[in-house]
Amino acid sequence: STSARGWRDFLRDRLYIGGTWVPAEGGAVIEVTDPATGGSVGQVPDAGAVETELAVAAARAAFPAFAALTAAERAGMLHRLADLIDAHGPALAELLTREQGKPLAEARGEVGMSAAYIRWFAEEARRVYGDTIPSPWQGRRLMVTPEPVGVVGAITPWNFPSSMLARKIGPALAAGCTIVAKPASQAPLSALAWGVLCEEAGIPSGVVNIVTGDARAIGGVLTSHPDVAKITFTGSTEVGKTLLRQAADSVKRCSMELGGNAPFIVFDDADLDQAVAGAVASKFRNAGQTCVCSNRIYVQSGIHDRFVEAFSRAVEALRAGSGLEEGVTLGPLIDEKAVVGAEAFVADARAKGGRVVTGGARSKGLFFQPTVIADASAAMDFAHEEIFGPVAPVFRFETEEEALRVANDTRYGLACYFYTTDLGRAFRVSSALRYGLVGVNEGVITTEVAPFGGMKQSGLGREGSKYGIEDYLDQKYVCFGGL
Ligand code: ADP
């Protein structure tokens, strides 16, 4: 299993249910295309409620035996899974780039993160401790034992088609849960590749199930089925709210990683080169299509013009093209809707006095020029909405107080970033920002060892870190009396 394989070896056009590969009822399929070329990459089943019910039944059947394994046994399986991901990293990264578009270097980084999350949770599986509580009564002992919640329904987006599954499969399996995962239809092949990897890692049949197809039908079953204990979702805030509403009827545990509207604040005392490098990295990674991408760049007036100049030059140096080409740093957007969305943000900004410093239009196909818009204002759409594309608005501000007010003036609270060399300001500002992730003089801060998750309408729960397993556990209190 360690001999080098190519990306085609991980292509599957079947659902992975109960340890077997099955087509959708009636054989309907969805085409998966390469966003850089429009060419076909593969096909996946267009499944719905019937197949999802089979997957839930398989996960339910596998749960008791899997939960009864020792933590060390489950950890061993997760370690084997992580080793397989690493062994086949280049093939998995190529598959990812072909279906999703990101530059190969970023795809390699994502696949590496997948292995890192799985390895982290392999380690955490062995550290799920309970508690004994000092008794308020004579003759009783109070014990708290964490137990796996049960079957988990996971719904994941297309922007990180591999690592978003790692963040859910890792803690679920570490805790002793079984899982039914539904990836996004734009990039479902990396998810089916997880089925190949789980099979080879010796993860028992039914523990991990993967269903592709109709989001509403699959999501409808996952959020309502009495045998599903928990929903974990990464995607837009709007869909997250729908799933929360649907899950309310059966009081499912819910973890939600939703949208962001990240401010990136550059104070006068910032190191200009660091701020420019951080802004480019945090804005243009994955062509701007991440929930932690900078959405609003606020620059203090004393450094503003120098920043806009240096930032625009750095943005012009990005190289657009197919992610498979050497040296490419900016891939295509995921689909036509995404390009139309980027065009609309630019048109709205122009109409309201925004100055396009560089870029501003589609180049060809699904490629959008990396764009910097100066003189951005609060009236423009991107001041309130997530851009999810390579458009960087720069707003000017005067005081720290003003920067904090505008930065926090959003219903979102996922990631934020700021640059300063003043120690007092670093502490003041990081504590005043209402965000789950804060980068101080850093533009890319995600790691499996730290908690990832949002405040406000950006979500519920945390992924990764020692906190990431908590959402997959129920705490059982047992009182031993009459002692
Ligand atoms: P994005 O903007 O990143 O595409 P979405 O929230 O639309 O975010 O999609 C994230 C995931 O949610 C995808 O797997 C998508 O298929 C799924 N999804 C979209 N609508 C629904 C729905 N009504 N019920 C369940 N899942 C859905």
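Since the model is a prediction, treat every value here as computed from it, not as a measurement.

Rules of the game
- Residues numbered from 1 in each chain as written.
- Predicted model: local features only at pLDDT ≥ 70, side-chain atom pairs only at ≥ 80, totals over all residues.
- Helix = DSSP H or I, 4+ residues; strand = E, 2+ residues; numbered from the N terminus.
- Rg over C-alpha atoms; globule rule 2.2 N^0.38 Å.
- Buried ≥ 20, exposed ≤ 12 C-beta atoms within 10 Å, placed from the backbone.
- Contact = placed C-beta atoms within 7 Å.
- Pairing = 2+ DSSP bridges.
- Axes fitted to C-alpha atoms, helices over the stretch in contact; angles between N-to-C directions.
- UniProt positions renumbered as here; feature names shortened; annotations may be inferred.
- Near = placed C-beta within 6 Å.
- Core = buried A, V, L, I, M, F, W, Y, C linked by C-beta atoms within 7 Å.
- Parallel < 35°, antiparallel > 145°, perpendicular 65-115°, else oblique.
- Left-handed = near helix turned anticlockwise from the far one by under 90°.
- Nonpolar A, V, L, I, M, F, W, Y, C, P; charged D, E, K, R; others polar.
- pLDDT = per-residue confidence, 0-100.

## Structural notes on the overall build of the protein chain
Inference 1: Looking only at helices and strands, the protein chain features 13 helices and 20 strands.
Inference 2: Rg of the C-alpha trace for the protein chain: 23 Å, near the compact-globule value of 23 Å for 483 residues, within the 12% margin.
Inference 3: Over its C-alpha atoms, taken along the principal directions, the protein chain stretches across nearly 70 × 60 × 40 Å.
Inference 4: Counting the 483 residues in the protein chain, one finds 54% classified as buried.
Inference 5: The contacts of the protein chain with a sequence gap of at least 6 include a subset with a gap of at least 24, amounting to 72%.

## Points about the sheet that holds strand S17 (residues 415-419)
Inference 1: Taken together, the 7 strands give an open sheet; going across it, the order is S14-S15-S16-S13-S12-S17-S18, and neighbouring strands pair in mixed fashion. Sheet topology places strand S14 (355-358) and strand S18 (437-440) at the edges, where each strand pairs with a single neighbour. Across this sheet, the average inter-strand angle for adjacent strands is 25 degrees, counted without regard to direction.
Inference 2: Its contacts with the sheet place helix H10 (residues 301-316) against strand S12 (262-266), strand S13 (294-300), S14, strand S15 (371-374) and strand S16 (391-397), and it is angled at close to 140 degrees to S13.

## What about the UniProt feature "domain: Aldehyde dehydrogenase" (unreviewed entry) in the protein chain?
Inference 1: On the UniProt side, "domain: Aldehyde dehydrogenase" (unreviewed entry) is annotated at positions that read residues 21-478 here.
Inference 2: Helix and strand shares over residues 21-478 are 40% and 20% respectively, and the end C-alpha atoms of the span are 42 Å apart.

## Side note on the environment of Val144
Inference 1: Following the sequence through the fold, Val144 ends up in strand S6 (residues 141-148).
Inference 2: Apart from the residues lying within four places of it in its own chain, the contact partners of Val144 are Gly130, Asp131, Ile133, Gln475, Lys476 and Tyr477.

## Focus: the site of the ligand
Inference 1: If you check the shell around the ligand, you find 16 residues, and the closest are Ala215, Gly219, Gly235, Ser236 and Val239.
Inference 2: When contributions to the shell around the ligand are tallied by element, the ones reaching two or more residues are helix H7 (215-224) and helix H8 (237-248).

## Some points on H7
Inference 1: Listed as buried for H7 are Ile218, Gly219, Val221, Leu222 and Thr223.
Inference 2: Of the surrounding elements, those touching the buried residues of H7 are helix H1 (49-68), strand S7 (151-155), strand S8 (178-182), strand S10 (228-234) and H8.

## Here we look at the nonpolar core
Inference 1: Among the nonpolar cores identified, the biggest contains 154 residues, and Leu78, Leu81, Ile118, Ile179, Trp194, Ile373 and Val394 are the most heavily contacted of them.
Inference 2: Sorting elements by how many residues they give to this core places helix H4 (residues 104-125) first, with 12 residues.
Inference 3: Contact partners of Ile118, with chain neighbours within four places excluded, come to Leu78, Leu81, Ala82, Ile85, Ala166 and Gly170.

## Comments concerning the environment of Thr420
Inference 1: Mapping Thr420 onto the fold places it in the loop between S17 and helix H13 (423-432).
Inference 2: Among all residues touching Thr420, those that are not within four sequence positions of it are Phe267, Asp269, Ala270, Arg425 and Ala426.

## Quick notes on the packing of helix H3 (residues 89-100) against H4
A pair of packed helices can be characterised by two numbers: the angle between their axes and the separation between those axes.
Inference 1: At a minimum axis distance of 8 Å, the contact between H3 and H4 shows a crossing angle of 120 degrees. Considered as vectors, H3 and H4 are oriented oblique to each other. For the crossing formed where H3 meets H4, the hand is right-handed. Side by side, H3 and H4 meet where Gly89, Leu92, Ala93, Glu94, Leu96 and Thr97 of the first sit next to Leu104, Ala107, Arg108, Glu110, Val111 and Gly112 of the second.
Inference 2: Here the contact of H3 with H4 is built from residues that sort into 6 nonpolar, 3 polar and 3 charged.

## Thoughts on the pairing of S6
Inference 1: Inspection of the sheet shows strand S5 (residues 131-133) paired to S6 by 3 bridges, in the antiparallel sense. Along S6, the bridge assignment pairs Ile133 with Leu142.

## Observations concerning the UniProt feature "active site" (unreviewed entry) in the protein chain
Inference 1: This chain's UniProt record puts "active site" (unreviewed entry) on Glu257.
Inference 2: Looking at the secondary structure, you find Glu257 in strand S11 (residues 253-257).

## Observations concerning the confidence of the model for the protein chain
Inference 1: Residues with a pLDDT of 70 or more make up 99% of the protein chain, whose mean pLDDT is 98.
Inference 2: Prediction confidence for the complex, expressed as pTM and ipTM, is 0.98 and 0.95 respectively.

## A few points about the sheet that holds strand S20 (residues 473-480)
Inference 1: With respect to topology, 3 strands assemble into an open sheet ordered S5-S6-S20, the strand pairing being antiparallel. Of all the strands in the sheet, just S5 and S20 have a single pairing partner and so form its edges. Geometrically, the sheet is characterised by an average inter-axis angle of 25 degrees between neighbouring strands, direction not taken into account.

## Digging into unusual backbone geometry
Inference 1: Of note, the phi angle at Asn286 is positive, near 55 degrees, even though the residue is not glycine.
Inference 2: Following the sequence through the fold, Asn286 ends up in the loop between helix H9 (272-284) and S13.
Inference 3: By the C-beta count within 10 Å, which is 23 here, Asn286 ends up buried.
Inference 4: One non-glycine residue, Asp375, lies in the positive phi region at around 55 degrees.
Inference 5: Here Asp375 lies in the loop between S15 and S16.
Inference 6: Using a count of 17 C-beta atoms within 10 Å as the deciding quantity, one classes Asp375 as partly exposed.

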